[in-house]
Each structure stands twice: as structure tokens, then as C-alpha cells.
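# Fold and geometry: a report
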Amino acid sequence: MIIDWKKIALEMYNEMKTEISGMQKKPGLWAILVWNNPSSEKYVEQKRKWAEFIWMDFYLYRFREDISEKELVNEVEKLNLDEKISWFIVQLPLPNHISDKKIINSIKREKDVDWFHPINQWKILIWDNSWFSPCTPEGIMKIFSYYEIDLVWKIITVIWKSNIVWKPIRLMLINAWATVISCNSKTPDLSQFTSISDIVISATWNPNLIKSDMVKEDSILIDVWFTFLDWKIYWDMDFENLKDKSSMITPVPGWVWALTVANLLANTLKASKK
Ligand code: GUN
């Protein structure tokens, strides 16, 4: 079965649209885009498209790729101080000469609807989910709840290493009583882990990393990131050869990012009501 991320996201968008239509003041989302690589462009375009769909205002600040780290920190600081701007995001990744970490740390944590700031992330560690959760991990968790997949007793291999998705999703799965195996693209003999797993979640930017002989029958396969090679998009999962072997798989083309965007807008709407 192909995971219908669009349906889950659309249900969320329609609920938000109804709610916003009854609000006196439309909520807005501010975004900074520095590195206009094709993935980030596409991603930000989705954020704008769906924000507009639910009648949320969307404002994009674009900066040249050669902006210095110090200049970008200053720009973030301006948004931190601007009382008209209640929350904003900085689209990642940033160009190589700018540290993602430094920029994330400079965002005022109360304005961080991405939930990337270290103090916000730390809340997941102590399982304080009273406020927000980070958008992509929450999107993956929504897939499990939508399809009523009980994570207790499940062996789940998670393959990637980013701070913004990999660590929080592991914690969220651990808190849901799953048995979590942590791998990355350099794990020796990855298949020894994927082949015993009920669920595999991958986001390494390695085209077709997960092949049919690496997973067991009827596993659930979630592909969270793609990469561009020679202007062609590749996913981590060798979708064509996996779609019949798995019980559920995320679609290609298409991606769990629909749910990331839906959760970002849900966080923004929630923040606007506080
Ligand atoms: N780059 C990839 N995923 C994300 C995300 O969820 N938020 C931001 N700001 N940048 C990203």
C-alpha cells in the first residue's frame, strides 16, 4: 500500500483553513531563504503554496548566497526584535560558509516554529510535548497514528544523522515504546539491521540506498529525503523494487514533506492563538 501523505496533509489543511476563516486576524509565517538550491526552492514554494491555501500570510526574505554568517545573524536578530513578527523559520541547509547551528541558536526560541532551537529540542528529551513538536518527526508520527500502527514491540531502524530530524524522531519513537536501531549511511552492512526491522525510516541523500533484498516482507518503509543528481530526483528507497514487497511505503514522486509543511503551519497557527 502506498502511504497517502497527501490525504493526511489535506485533512490537516482543511481543518486549519476552516479555523483561520473564522479568525479576525490572519496568522502569518515569515521565512528566510539564503541558499537557493533546487531542494530548498521547492521546499519553500510548498510552504508558501499551502500557507496561502489555508489563508495564512507568508512572507519570504531572500538573501544572496554570499551573505556572511555575521550578516545573517544580524538579519535573524532583526526578526527576533521585530514585534510585528511573532515567529519565523530559516530554511536549511545554509551555504557551507555559514554554520546552521549558529543560525539556529541565534533564533529567539519563542519565535522558533520549526522547533529547532536547542532548548526547544531538549523538551523532547524530557518528553515535554505541551507546546510544539518538530515538524518532520511529527509528520512521521502522524503517519503511524493515521494508519493506527502500534509502535510497541516494533523494531524500527532509523537511518540518518541530522539534528533536526534524526535525534528527535528517535526520542519520539523511544517514548512510544518502539525498539529503535540507529544507523547512518556509513553503517557497516546496513542490511543486517534493515532486514530485521518492521519499519525503516531513511533520509541519507544516497540514491536507492535501500534495496529490495535489504528489507523483510511486509515492512513499512518511510523515505524522508531525496537528492538531485544531474537534475533528476532520487530517493533513498529503491521504490520500484520495494513497493510490492513492503506492506506500506511512502510514494515516489511525493514525500513526507507534505506533512512537514502541514505541521509547520499547524505550529504557526497554534502559536498565533497563544
Ligand atoms: N530543511 C529541511 N527540512 C527543513 C525544515 O523542516 N525546516 C527548515 N527550516 N529547513 C528545512
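Preceding block: the structure.
These remarks concern the structure in this document. No experiment lies behind these values; they were computed from the predicted model shown.

About the thresholds
- Counting from 1, residues in each chain are numbered in the order their sequence is written.
- With the structure being a predicted model, the display of local features is reserved for residues of pLDDT at least 70 and the display and counting of side-chain atom pairs for 80 or more, all residues being used for whole-chain, interface and lining totals.
- Only hydrogens and water are removed before side-chain values are computed, so all heavy atoms of the structure are retained for them.
- The way it works is that DSSP assigns letters per residue, a run of H or I at least four long becomes a helix, a run of E at least two long becomes a strand, and they are numbered from the N terminus.
- Two residues qualify as a contact provided that any one of their heavy atoms is within 4.5 Å of a heavy atom in the partner residue.
- What goes into a patch is any residue over 30% in relative accessible area without a salt bridge, connected to like charges within 9 Å or, for nonpolar side chains (Val, Leu, Ile, Met, Phe, Trp, Tyr), within 5 Å.
- Each accessible area is a Shrake-Rupley estimate made with a 1.4 Å probe; only the visible protein chains count as cover when residues are assessed.
- Criterion for a salt bridge: a side-chain nitrogen of Lys or Arg within 4 Å of a carboxyl oxygen of Asp or Glu.
- Only protein chains enter the accessibility calculation, which uses a 1.4 Å probe. A residue is then buried if its area is under 20% of the maximum for its type, exposed if over 50%, and partly exposed in between.
- Think of a nonpolar core as a cluster: buried Ala, Val, Leu, Ile, Met, Phe, Trp, Tyr and Cys residues, connected wherever their side-chain atoms sit within 4.5 Å.
- Pairing between two strands is assigned when DSSP locates at least 2 bridges connecting them.
- To define axes, lines are fitted to C-alpha atoms, for helices over the stretch in contact only, and angles between the resulting N-to-C directions are given on a 0 to 180 degree scale.
- Proximity criterion: a residue is near a molecule or strand once any of its heavy atoms comes within 4 Å of it.
- Polar contacts, as counted here, are pairs of nitrogen or oxygen atoms within 3.5 Å of one another; within protein the pair requires one atom able to donate a hydrogen and one able to accept it, and residues that are adjacent in sequence qualify only if both atoms are side-chain atoms.
- Note that Gly is not counted as nonpolar here; it falls among the polar residues with everything else outside the nonpolar set of Ala, Val, Leu, Ile, Met, Phe, Trp, Tyr, Cys and Pro and the charged set of Asp, Glu, Lys and Arg.

### A few points about the environment of A203
- Positionally, A203 belongs in the loop between strand 6 (199–202) and strand 7 (220–223).
- Between the alpha carbons of A203 and L265 there is a distance of 22 Å; along the sequence they are 62 residues apart.
- Apart from the residues within four sequence positions on either side, A203 is in contact with I159, W160, V224, W225 and D236.

### As for a nonpolar patch on the surface
- A cluster of nonpolar side chains, contributed by I119, W122, L125 and I126, occupies part of the molecular surface with about 410 Å² of accessible area.
- Inspection of the secondary structure assignment puts L125 in helix 5 (residues 118–125).
- Classification of L125 by relative accessible area gives exposed; the value is 54%.

### Topic: the nonpolar core
- Among the nonpolar cores identified, the biggest contains 60 residues, and F144, W160, L173, I201 and L265 are the most heavily contacted of them.
- Once you skip the residues sitting within four places of it in the chain, W160 turns out to touch I140, V165, W166, I169, C183, N184, I201, S202, A203, T204 and V224.

### Here we look at the sheet that holds strand 2 (residues 57–62)
- If you walk across this open sheet you meet the three strands as 2-1-3, and the pairing is parallel. The sheet terminates laterally at strand 2 and strand 3 (88–90), the two strands that pair on one side only. Sheet twist, expressed as the mean angle between neighbouring strand axes with direction ignored, is 20°.
- Pairing geometry for strand 1 (residues 28–33) and strand 2, over six bridges, is parallel. Along strand 2, the bridge assignment pairs G28 with D57.
- Lying over the sheet, helix 2 (residues 38–53) contacts strand 1, strand 2 and strand 3, oriented at roughly 155° with respect to strand 2.

### Thoughts on the environment of W30
- Mapping W30 onto the fold places it in strand 1.
- Not counting residues within four places of it along the chain, the set of residues in contact with W30 comprises Y59, Y61, K84, I85, S86, W87, F88 and I89.

### Considerations on the site of the ligand
- As a matter of local geometry, the ligand sits amid Y43, K47, V90, Q91, L92, D114, F116, W225 and T260.
- Y43 places a polar side-chain atom, nitrogen or oxygen, 3.5 Å from a nitrogen atom of the ligand.
- L92 has a polar backbone atom sitting 2.8 Å from a nitrogen atom of the ligand.
- Its residues assigned to classes, the shell around the ligand shows five nonpolar, two polar and two charged.

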